[in-house]
Amino acid sequence: MRETIQELRHKGTAFKAVVIFLVAYPVFLVSWIQVKDYYGTAVTVTASKLLTLVADVTYESFERTGDTVEVTYSPLSRPNMLVDIPIKTSSYTFNAPLTFALMATLWLFLKKKPRAYGEALIILLCVHFLYVFSLESKTLTETLIQQGAAPKSDLRLFVTQFFWSFTDNMVIRFEPFLIGFYMFIRFRK
């Protein structure tokens, strides 16, 4: 059977995509290990400060130890009380090298490349903000209710726990594939 030129072109493109992935993943993995703690600190501190807009707390401080950022809040109802929330940055950044490698692989299949990669990076950043925001919201709600610094609300507990569980179990786990799927569907040639 003779293969048509079109079939050979498709096989060549698929081979190039596999090679790009196999080269890109280790490069992004090694690079990410060098910067993830700084990135994680910036995301955590920014999301923590944004949380004060919707929660009755004051942002006090943060401390980074390795890949853990501990954020300290003070509830408005009890200014002398401090709530520390440790956040392990690798819990939400572990998929970033895979995401970047999949994004690199899609280079061959996309049009409007700058826009595609810009949107993908914004989505990635938003997913990481969502993770920190939902984790801190859940932890603060539970802690403040347990300590009597906030009124007990089953609905509020349910919403924050669901929001956190959905983000942790669905969004973070599938982040590389969601972003890759989005890029391919929205910007494919």
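No experiment lies behind these values; they were computed from the predicted model shown.

Enquirer: Sorry, what's going on with the packing of helix 3 (residues 96–105) against helix 4 (residues 113–146) here?
Expert: Relative orientation of the contacting elements helix 3 and helix 4 amounts to 165°, with a least axis distance of 12 Å. Relative to helix 4, helix 3 is oriented roughly antiparallel. The two elements helix 3 and helix 4 cross, and the hand of that crossing is right-handed. Note on element contacts: helix 4 touches helix 3 through Y117, A120, L121 and L124, opposite T99, F100, M103 and A104. Looking at the contact of helix 3 with helix 4 residue by residue, the classes come out as seven nonpolar, one polar and no charged.

Enquirer: Just to check I follow, could you spell out the packing of aromatic side chains for this structure?
Expert: Aromatic rings considered in pairs are described by the distance between their centres and by the relative angle of their planes. Evaluated as defined, the whole model comprises 12 aromatic pairs. Considering the side-chain rings of F109 and F184, the 6.5 Å spacing of their centres and the 75° angle between planes classify their relative orientation as edge-to-face. Of this pair, F109 sits in the loop between helix 3 and helix 4 while F184 sits in helix 5 (residues 154–187), placing them 75 residues apart in sequence. Consider the rings of Y131 and W164, whose centres lie 5.0 Å apart with planes at 65°: the pair is edge-to-face. Taken together, the positions of Y131 in helix 4 and W164 in helix 5 put the pair 33 residues apart, joining distant regions of the chain. Side by side, Y131 and W164 carry an identical accessibility label, which is buried. In this arrangement the basic side chain of K113 is found over the ring face of W107, its NZ or CZ atom lying 5.0 Å from the centre.

Enquirer: Whenever I open this one, the nonpolar core confuses me. Can you help?
Expert: Proteins that are soluble and globular tend to have nonpolar side chains buried together. One finds Y73, Y92, Y131, V132 and L140 to be the most contacted residues of the largest nonpolar core, which totals 25 residues. Put simply, the parts of the chain that give this core at least two residues each are helix 1 (5–51), strand 1 (57–65), strand 2 (68–75), strand 3 (83–88), helix 4 and helix 5. Sort the elements by how many residues they give to this core and helix 4 lands first, with six residues. Setting aside chain neighbours within four positions, we find V132 in contact with V43, T44, A47, I87 and Y92. Counting residues in each nonpolar core, the second largest holds 13 residues, with F100, M103, L106 and A116 among its members.

Cut-off values and rules
Residue positions are counted from 1 within each chain, in the order its sequence is given. Since the coordinates come from a predicted model, pLDDT governs what is reported: local features require at least 70, and pairs of side-chain atoms require 80 or more to be given and counted, while whole-chain, interface and lining totals use all residues. As a rule here, side-chain values come from all non-hydrogen atoms in the structure, and water together with hydrogens is ignored. Comment: axis = line fitted to C-alpha atoms, over the contacting stretch for helices; angle = value between 0 and 180 degrees taken between N-to-C directions. Numbering of helices and strands runs from the N terminus; a helix is a DSSP stretch of H or I covering at least four residues, while a strand is a stretch of E covering at least two. Angles below 35 degrees are treated as roughly parallel, those above 145 as roughly antiparallel, those between 65 and 115 as roughly perpendicular, and all remaining angles as oblique. Whether a crossing is left-handed or right-handed is set by the direction in which the near helix is turned from the far one by less than a right angle, anticlockwise for left-handed and clockwise for right-handed. Contact criterion: two residues are considered in contact whenever any of their non-hydrogen atoms come within 4.5 Å of each other. Gly falls in the polar group here, along with every residue not listed as nonpolar (Ala, Val, Leu, Ile, Met, Phe, Trp, Tyr, Cys, Pro) or charged (Asp, Glu, Lys, Arg). Each Phe, Tyr or Trp ring, with Trp reduced to its six-membered ring, pairs with another whose centre is within 6.5 Å; inter-plane angles below 30 degrees give stacked pairs, above 60 give edge-to-face pairs, and intermediate values give tilted ones. Each residue is placed in one exposure class: buried if its accessible area under a 1.4 Å probe, protein chains only, is under 20% of its type's maximum, exposed if it is over 50%, and partly exposed if it falls in between. Geometrically, a lysine NZ or arginine CZ counts as sitting over a ring once it is within 6 Å of the ring centre and also within 35 degrees of the ring normal. For the purposes of this section, nonpolar cores are sets of buried Ala, Val, Leu, Ile, Met, Phe, Trp, Tyr and Cys residues that join through side-chain atoms within 4.5 Å.

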